[in-house]
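Coordinates in review
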Amino acid sequence: MPRDLVSGLFWLAVAIFAAVQGLSLKLGNLNRPGAGFFPFWGGVVLGLLSIVLVVSSRGRDAAGGSRARSESSKPLVVVGALLGYLLLLETLGFVAVTFLFLLLLFRLERLTWAFSVVSAGVGALASYVLFQLWLKTQLPPGPFGF
Amino acid sequence: MDDTLQNLALGFSIALSPAILWYAFVGCVVGTLVGVLPGVGPLAGISLLLPATFGLDATRAIVMLAGIYYGAMYGGSTTSILMRIPGEAASVMTCIDGYAMARKGRAGAALAIAAVGSYVAGTVSVVALMLLAPPLASFALRFGPPEYFALLLLGLFVLAYMSSGSMLKALAMAALGLLLGMIGIDQMTGYFRFAYGVVELGDGIGVVPVAVGLFGLAEILATAGLAVPPQVIKPTLRELLPTRQEWRESAAPIGRGTVLGFLIGIVPGSAHIISSFVSYAVERKLAKRPQEFGQGAVAGVAGPESANNAATSGAFVPMLALGVPSGPIPAVMLAAMMVHGVSPGPLLIKQQPELFWGFIASMYVGNVVLLILNLPLVGVFVNLLRVPYAILYPSVLAFCILGVYAVNGSVVDVWIMLLMGGLGYFLRKLDFETAPIVLGVVLAPMLEMALRQSLAMSDGQYSIFVARPISATLLGVGLILIALGLQPLVTRGLDWRARLALAEKGDEHP
Amino acid sequence: MRLSRVCSLAVLAAVAVASAQEPYPSRPITMVAPFPPGGIADLTARPVAAAMEKVLKNPVGVLNKTGAAGAVGMQFVATSKPDGYTLLLALSSISIIPEADKLFGRPPAFTVDQFAPIALISADPTILVVPADKPWKTAAEFVEDAKRRPGQISYSSSGVYGTLHMAMELLSHAAGIKLRHVPYAGGGPALTAVLGGHVDALASGPAVVLPHIKAGKLRALAGWGDKRVVALPEVPTFKELGFPDAEFYIWAGVFAPKGTPEPVLAKLRDALRAAVNDPDFKGAMEKIETPIVFKQGAEFARFFEADAGRLAEGVRKVGRIETK
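Residues numbered from 1 in each chain as written. Chains lettered and ligands numbered in written order. Predicted model: local features only at pLDDT ≥ 70, side-chain atom pairs only at ≥ 80, totals over all residues. Heavy atoms only, no water.

**Looking at the sheet that holds strand 9 (residues 218-223) of chain C**
Residue and element names in this part refer to chain C. This is how the line gets drawn: Criterion used throughout: strands pair if DSSP finds at least two bridges between them. Runs of H or I in DSSP of at least four residues are treated as helices and runs of E of at least two as strands, each being numbered from the N terminus. As a rule, the C-alpha atoms of each element are fitted with a line to give its axis, helices using only the stretch in contact, and angles between N-to-C directions run from 0 to 180 degrees.
Reading across from one edge, 7-6-8-5-9 is the order of the 5 strands in this open sheet, with mixed pairing throughout. Two strands bound the open sheet, and with one partner strand each, they are strand 7 (180-183) and strand 9. On average, each strand axis in the sheet is tilted by 30° relative to the strand beside it, whichever way the strands run. Alignment of strand 5 (residues 127-131) against strand 8 (residues 201-204), held across 3 bridges, turns out to be antiparallel. Of the residues in strand 8, the one forming a bridge with leucine 128 is alanine 203.

Here it is in structure tokens:
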């Protein structure tokens, strides 16, 4: 797979998007740059760079795929857990969600149930002490008042 | 000079009084803890803890806030080195070589050098602050938008030395950072850019969520994906301390970083962020073996860490000498002074000598406290790496999320961090470096604002940049740098095969 | 008998429900200051929050939500849950921003009627300051010079369509002059700019510039109020100088999102009335030299409407900032 080709095309799309958005704001001119001036020219620069990237990627397709790829699906699970964390944060409250999140990941790492529950509890408690009691930040509380 | 000594004696008599000493100590401890929390940097720490100082008198409050400020600067390097999570924008550069050192088992050395570098930078720049504050402050005020623009343009040259891979990709990533930095409401016209009705995006995307995502989260995702978990590093006592060679290699970078950071720090605005970027670039340019940068070069830790601490003191120059809110953090501290009935203005030093000199002396004391506090902590922090990764990374993730959320109380910031984490993960696989993105996000909005303000000042005339002596000088220096840098830049821009050949010849940096 | 039993059960249940509803306030209140730390909104919000904290016996934190002359913070509060836990300490710009949105023809970030006014805390006329080394000794000289050189005299502001911008625009219009506007991101940077001589003038609240006037770095030329500023008795008002339309106050008032229950609003009004009479609060406002002007309920609503009308007119006169 020519990785630089794919990424280059992706950046090109991003660049075109930015430039079009920049145009729809006011470009202004060199002496009075408007709101769209920097986004437009930033998009143009990124576009040019990605074209160079796409063109120069053609010669080294072979080199592209040489990397070893022994991957597990763990990053995906972790990202999923993070998403869940975010979605539940403002409904369940941060202490409960932190506990569930830690429990899930500890279990994913095949730690024992007992160990996982205790560690997740300690982590959640630590987050409460640090952010609520000490820093007095306004993390979302849950239905139980914490 | 006699006056200064007398005043300093007055200052120390205040700073060493048990009550003040206690608040300096508390400030340092609290600051260190805040700094260690991922995503919570000095500004967030000070803002969160400001109300706690309202009950104190002015001197105690200021001493404690200053302690939190530089305590957080010290602490910010810890997570950068151990886990590649920048606590604040200023320690982004420390992530690169500091973390690389930790991976090679030199975490203790990196932490110790960061602490000592910060101490030297902090102490030297307090001396400079004490002796030079009034003249330097009036000089600093001459930095208006054109000078700021010229300074930031200089900062852009950093890009050339920041990446060790393909120049083309580094530039593309900087351009991407620029576009990300454009998100939000345009301060000059009131237009909304790339915000699509998301309220919180109106204020732009913060550097901290971007950096924590691109560096820290991406690193964790990549490591969690490894079939074999990373080996637990078990450092021996000897490995905690820097070797003699590491000390030798850090001495000059610490000195240069101090001077550079202090000078950039006195400029009003948020430019102090770039001091660590510039320092990194300078060290890499001057290094005998620049190829080590990115692989755990000790100078890449010593320089930027010293620079960001010196910039901290530098930022106090216009604040104390003129009562000018010279940046977001000095502005909070000025507010704290006003709340205590101290009117911060050009007459502060004359009218409130106890406050000013007590503050100066407490900064000496604070730096000593931080050094004493941080060196033993090196051992504690390094032992964190003994914790099995399976336990370490979920906890770190949870604290990243909570820290980033807590700063603005906004879930949007956490989304940004998550998206940036995903982006960073894929970029690693595609051999893109992420540091230039952060540079773009930091520099582009400031650069744009300064350019447009300058043109508003001059009614669209570019001559303003050469008509003003400071900006003309800075631009001149920039031109010289371009001339000097052009040749290696050209060779670095070549195809990878040519670069490889050059690297083999060992003369990539003539 | 049985009926009364049922009745008493029902009463019990109702009591249980009522007590399950938390008494207000039972958790920290956030007061949003939509400008950066060190600015006027921030310096007012902090003592207000501290005094309220004492009255309510409940933490009140100040949150600086900054951006685009305050629009970000105000929109944040406008869309917050109307439960009394998110309050806004707004400056005059609260009525400018929806007007500016209208001007650009975009969906408004918020509208004024998304807020329930609680109380006015302070009202301070802006004053015109110039660096001490600039030639103008009086406001008349300044206006005359601006007439001679239209668009050549520059001023800094806290942001486009922000309060400090509007004050200058009202003056420009009243005096028939044209000035050059250089927006900054907040009052602090705008002050730094005029102190550094990068712009020629600034309209600012007296408190922020007073130490610099005393130190001889800045010169006050005139004020926008209908009376002279107490701390600067020798500085005339624009009204005295024959520009009655140049009237502008930086006022600070507390708002809640519309829909906040009346009992909560009443509690907040009471808390604020007690707060402004708190000796510590008075001391704090004295220290930042800002006069306390307390209005609540209908009185505040009237004041707010009159001011909003003046500013809406001002925004329309400025028009859209286009880059030609």
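**Comments concerning the packing of aromatic side chains**
Put simply, the rule reads: In this scheme Phe, Tyr and Trp rings, the latter by its six-membered ring, pair at centre separations within 6.5 Å, and the angle between planes marks the pair as stacked below 30 degrees, edge-to-face above 60, and tilted otherwise. Relative accessible area decides the class of each residue, using a 1.4 Å probe on protein chains only: under 20% of the type maximum gives buried, over 50% gives exposed, and in between gives partly exposed. Remark: a charge is flagged as sitting over a ring if the NZ atom of Lys or the CZ atom of Arg is within 6 Å of the ring centre and within 35 degrees of the ring normal.
If you walk through the whole model with that rule in mind, you get 31 aromatic pairs over all chains. Residues C:Phe115 and C:Phe255 carry aromatic rings whose centres are separated by 6.0 Å and whose planes lie at 70° to one another, so their mutual orientation is edge-to-face. In this pair, C:Phe115 is assigned in strand 4 (residues 115-125) and C:Phe255 in strand 10 (residues 249-257), connecting sequence segments 140 residues apart. Since its relative accessible area comes to 3%, C:Phe115 is described here as buried. Here C:Phe255 falls in the buried class, since its relative accessible area comes to 0%. Ring-pair connections join several aromatic residues into one group, and the members of that group are C:Phe110, C:Phe115, C:Trp251, C:Phe255, C:Phe300, C:Phe303 and C:Phe304. Against the face of B:Phe432 rests B:Lys169, its NZ or CZ located 4.7 Å from the ring centre. Geometry around C:Tyr85 places C:Arg27 over its ring, the cationic atom sitting 4.0 Å from the centre.

**Here's the deal with the nonpolar core**
The line we're drawing: For our purposes a nonpolar core is just a set of buried Ala, Val, Leu, Ile, Met, Phe, Trp, Tyr and Cys residues, chained together by side-chain atoms within 4.5 Å. Residues count as neighbours in contact if any of their non-hydrogen atoms are within 4.5 Å of one another.
Ranked by internal contacts, the top residues of the largest apolar core, which has 308 residues, are B:Phe277, B:Phe316, B:Met333, C:Met52 and C:Trp224. Residues contacting B:Met333, with those up to four places away along its chain left out, are B:Ile46, B:Ile62, B:Leu65, B:Ala66, B:Tyr69, B:Phe316, B:Met319 and B:Phe359. Counting 21 residues, the second largest nonpolar core, distinct from the first, contains C:Ala71, C:Met74, C:Ala78 and C:Phe304.

**Thoughts on the sheet that holds strand 1 (residues 29-33) of chain C**
Residue and element names in this part refer to chain C. What the 6 strands build is an open sheet, ordered 2-1-3-10-4-11; its pairing is mixed. At either end of the open sheet lies a strand with only one pairing partner, and these are strand 2 (60-64) and strand 11 (292-296). Across the sheet, the mean angle from the axis of one strand to that of its neighbour is 25°, orientation sign disregarded. Here 5 bridges tie strand 1 to strand 2, and the two strands are oriented parallel to one another. Following the sheet pairing, alanine 33 is matched in strand 2 by asparagine 64. Contacts from helix 3 (residues 71-78) reach strand 1, strand 2, strand 3 (86-91), strand 4 and strand 10, with the element oriented near 145° to strand 3. Taken strand by strand, helix 11 (residues 297-318) contacts strand 4, strand 10 and strand 11, and its axis lies near 120° from that of strand 10.

**Remarks on the pairing of strand 8 of chain C**
All names here are of chain C. Taking every second residue as pointing to the same face, both faces of strand 8 are buried, with Ala201 and Ala203 on one and Leu202 and Ser204 on the other. Summarising the sheet, strand 6 (residues 154-157) and strand 8 pair through 2 bridges and their orientation is parallel. Across the sheet, residue serine 156 finds its bridge partner in strand 8, namely leucine 202.

**Overview of the side chain of B:Ser458**
Here is the rule we go by: By the criterion applied in these results, polar contacts are pairs of N or O atoms within 3.5 Å in which, for protein atoms, one can donate a hydrogen and the other can accept it, and in which residues neighboring in sequence qualify only through two side-chain atoms.
Its place among the elements puts B:Ser458 in helix 21 (residues 435-458). At a separation of 2.8 Å, a polar atom in the side chain of B:Ser458 contacts the main-chain carbonyl oxygen of B:Gln461. For B:Ser458, the residues in contact, after removing those within four places along its chain, are B:Ile464 and C:Arg180.

**Details of the interface of chain B and chain A**
Going by this rule: Take the accessible area each of two parts loses on contact, using a 1.4 Å probe, and add the two losses: that sum is the buried area. Between Lys or Arg on one side and Asp or Glu on the other, a salt bridge is scored when a side-chain nitrogen of the former is within 4 Å of a carboxyl oxygen of the latter.
Taken residue by residue, the interface counts 62 residues in chain B and 63 residues in chain A. Interface area, chain B with chain A, both sides summed: about 5600 Å², of which 76% is carbon and sulfur. Of all residues in chain B, B:Leu168, B:Leu402 and B:Tyr405 give up the largest surface area on contact with chain A, accounting jointly for 11% of the area buried on that side. Scanning the region where chain B abuts chain A turns up 1 salt bridge. Here chain B is connected to chain A by 7 residue pairs in polar contact (both at pLDDT 80 or more). Elements represented by at least two residues in the side of chain B that touches chain A include exactly helix 2 (18-36), helix 3 (42-49), helix 9 (167-181), strand 2 (192-193), helix 10 (207-224), helix 19 (389-408), helix 20 (411-429) and helix 21 of chain B. By residue number, the principal contributor to the side of chain B that touches chain A is helix 19 of chain B, which donates 13 residues.

**Digging into the side chain of C:Ser157**
Residue and element names in this part refer to chain C. With respect to the element layout, serine 157 can be found in strand 6. A polar contact of 2.7 Å, which involves the side chain of serine 157, links it to the side chain of histidine 181. Aside from chain neighbours lying at most four places away, what touches serine 157 is Leu164, His165, His181, Val182, Pro183, Tyr184, Gly186 and Ala190.

**Looking at helix 6 (residues 163-175) of chain C**
Residues and elements named next belong to chain C. Just so we agree on the cut-off: Expected helix span is given by 1.5 Å per residue-to-residue step, counting one fewer step than there are residues.
Its 13 residues place the ends of helix 6 18 Å apart at the C-alpha level, agreeing with the 18 Å of an ideal helix rising 1.5 Å per residue. Judged by how many residues are buried, helix 6 sits mostly within the fold: 10 of 13 residues are covered. Looking at helix 6, one finds that the buried residues are Thr163, Leu164, His165, Met166, Ala167, Met168, Leu170, Leu171, Ser172 and Ala175. One or two positions beyond helix 6, positive phi appears at glycine 176, with a value near 65°.

**Details of the state of the cysteines**
Residues and elements named next belong to chain B. Formally: In this description, a disulfide is simply a cysteine sulfur pair whose atoms lie within 2.5 Å.
Evaluated as defined, the whole model comprises 0 disulfides over all chains. The thiol sulfur of cysteine 400 is not disulfide-bonded, and the nearest other cysteine sulfur, from cysteine 95, lies at 11 Å. Judged by relative accessible area, cysteine 400 falls into the buried class, the value being 2%.

**Notes on the pattern of salt bridges**
Applying the stated criterion across every chain, the model contains 29 salt bridges over all chains. Among the ionic pairs, B:Glu448 bridges to B:Arg193, the shortest N-O distance being 2.8 Å. Highlighted residues: B:Glu448 in helix 21 and B:Arg193 in strand 2, separated in sequence by 255 residues. The buried category is assigned to B:Glu448, whose relative accessible area is 4%. Overall, the relative accessible area of 4% leaves B:Arg193 in the buried class. With a shortest N-O distance of 3.8 Å, C:Glu299 and C:Lys295 are connected by a salt bridge. When salt bridges that share partners are traced, they join B:Arg84, B:Arg103, B:Glu219 and B:Arg428 into one network.

**Some details on the confidence of the model for chain A**
Convention followed: Per-residue confidence from the predictor is reported as pLDDT, which spans 0 to 100.
The share of residues in chain A with pLDDT of 70 or more is 84%, and the mean pLDDT across the chain is 81. With pLDDT under 50 throughout, residues 61-70 of chain A is counted as low confidence; its partners more than four residues away or in other chains account for 10 contacts.

**A look at the packing of helix 3 of chain B against helix 16 (residues 328-339) of chain B**
All names here are of chain B. Definition in use: These descriptions rest on fixed angle ranges, namely under 35 degrees for roughly parallel, over 145 for roughly antiparallel, 65 to 115 for roughly perpendicular, and the rest for oblique. Crossings are classed by handedness, with left-handed meaning an anticlockwise turn of the near helix from the far one by less than a right angle and right-handed meaning a clockwise turn. Amino acid classes used here: Ala, Val, Leu, Ile, Met, Phe, Trp, Tyr, Cys and Pro are nonpolar; Asp, Glu, Lys and Arg are charged; the rest, including Gly, are polar.
Between helix 3 and helix 16, the least distance of the axes is 9 Å, while the angle of their chain directions is 15°. Our classification of the angle between helix 3 and helix 16 gives roughly parallel. As for how helix 3 packs across helix 16, the hand of that crossing is left-handed. For the pair formed by helix 3 and helix 16, the contact residues are Pro42, Leu43, Ile46 and Ser47 on the first element and Pro328, Ile329, Val332 and Met333 on the second. Residue composition of the contact of helix 3 with helix 16, grouped by class: 7 nonpolar, 1 polar and no charged.

**Quick look at the confidence of the model for chain C**
Model confidence for chain C is summarised by a mean pLDDT of 84, while 89% of its residues fall at 70 or above. For this predicted complex, the interface score ipTM comes out at 0.88, while the overall pTM is 0.83.

**Thoughts on a nonpolar patch on the surface**
Quick reminder of the rule: Exposure above 30% relative accessible area and no salt bridge define the residues that can form patches, which grow by joining like charges within 9 Å and nonpolar side chains of Val, Leu, Ile, Met, Phe, Trp and Tyr within 5 Å. In this description, accessible areas are obtained by the Shrake-Rupley approach with a 1.4 Å probe, and a residue is regarded as covered only by the protein chains that are shown.
A contiguous nonpolar surface patch, about 350 Å² in accessible area, is contributed by A:Leu83, A:Leu87, A:Leu88 and B:Trp415. Looking at which element gives the most residues to the nonpolar patch, the answer is helix 4 (residues 74-92) of chain A, with 3 residues. Tracing the backbone shows A:Leu88 in helix 4.

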